[in-house]
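What the coordinates show
Chain residues, written in single-letter form:
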Amino acid sequence: MIVNSTRQVITRSPHKSVGLINCQHFQPQPVVYESQLERALVQQCLLCPGVSRIVAQPFRVNLDPKKNRHYTPDYLIELDDGSFLVVEVKILRRIAKLEKRFNQINERLSSRGFSFMTADETQLYCLDKEKHVKEILRYVNWQVTAELKKAVLQALAEVSQTSISIGELATQAQCAKEDLLHLIATRQIFIAAITPTSDLLITIPTLGVTHGINFFSHWFNTALWGSDLPVPQTT
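Residues numbered from 1 in each chain as written. Predicted model: local features only at pLDDT ≥ 70, side-chain atom pairs only at ≥ 80, totals over all residues. Heavy atoms only, no water.

Right, let's get into the layout of surface pockets. Looking at the second largest pocket, its volume works out to about 410 Å³. In terms of lining residues, the second largest pocket is bounded by 20 residues, among which Thr203, Ile204, Pro205, Thr206 and His211 are the most central. (1 Å grid on protein atoms, 1.4 Å probe; cavity = no way out; pocket = protein on both sides within 12 Å on 5 of 7 lines; lining within 4 Å. Points joined across faces, edges and corners; volume = space filled by probe spheres on them.)

The next subject is the pattern of salt bridges. Two side chains of opposite charge can pair, provided their charged atoms sit close to one another. Inspection of the entire model under this criterion finds 2 salt bridges. For the salt bridge of glutamate 78 with arginine 53, the shortest nitrogen-to-oxygen distance reads 2.8 Å. Note that glutamate 78 is positioned in strand β7 (residues 75-79) and arginine 53 in strand β4 (residues 51-56), a separation of 25 residues in sequence. (Salt bridge = Lys/Arg side-chain N within 4 Å of Asp/Glu carboxyl O. Helix = DSSP H or I, 4+ residues; strand = E, 2+ residues; numbered from the N terminus.)

This part covers the sheet that holds strand β9 (residues 115-119). On the basis of which strands lie adjacent, the open sheet formed by 4 strands has the order β4-β7-β8-β9 and mixed pairing. Either end of the sheet is taken by a strand with one partner, and the two such strands are β4 and β9. The mean angle between the axes of side-by-side strands here comes to 25°, regardless of whether they run parallel or antiparallel. Examined bridge by bridge, strand β8 (residues 84-89) and β9 share 5 bridges and lie parallel to one another. When the bridges of β9 are listed, glutamate 88 appears paired with threonine 118. Lying on the sheet, helix α3 (residues 99-110) is in contact with β8 and β9; it crosses β9 at an angle near 145°. (Pairing = 2+ DSSP bridges. Axes fitted to C-alpha atoms, helices over the stretch in contact; angles between N-to-C directions. Contact = heavy atoms within 4.5 Å.)

Scope: geometric values only; no functional claims are made or implied.
Printed below as a string of structure tokens:
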């Protein structure tokens with residue numbers, strides 16, 4: 001059985017990093033995080049193509065009603081293709097210890113149409129991704145005119161490859177890199193992967209293509225629970 005969660009964000013303590021990420025350009029509701037790892041996941045989701053909604057602690061799964069055992073997911077991610085993904089954020093050494101519990105959780109969620117995966121520090125902190133994401137998101141409130149945005153989108157439409165470097169696009173659109181970082185941070189254009197801002201590749205939109213769980217898996221270099229890495233990318 002799955003029921004709505006009544007769990008609330010805990011009060012601040014010296015041992016927890018608790019807060020809200022406001023992302024009005026993406027969704028009206030802020031997203032709660034209860035650790036730096038959770039914060040890294042949410043911020044990277046905000047740049048990930050295909051993510052359409054992020055909900056913290058979305059519901060409760062009864063694992064054993066007789067013993068009052070239940071599970072509240074860290075995050076529910078809704079994707080553009082209509083799929084739903086539950087993500088549990090844990091440090092790597094704890095995941096192996098919870099394998100039996102996660103097997104049960106995965107079984108319960110799968111029977112209700114939810115996919116399940118874990119994310120740990122080896123995926124969220126690798127290659128300084130959390131640092132690069134923060135640098136991009138600094139430009140959320142940067143001001144870009146409608147005319148400049150139109151010029152950027154027109155320049156993208158004229159690119160024959162699948163991606164273009166941020167420097168090349170700035171030159172073709174006759175704009176500053178900061179303008180492009182704002183458009184990336186507010187999901188008006190998208191990047192191929194999280195890299196240093198000077199190395200970013202902006203992807204060219206493809207009509208009719210939606211991004212689902214396979215793309216999300218590659219973005220975070222993780223896989224559905226019980227699957228091998230890497231997940232074959234089909235979108």
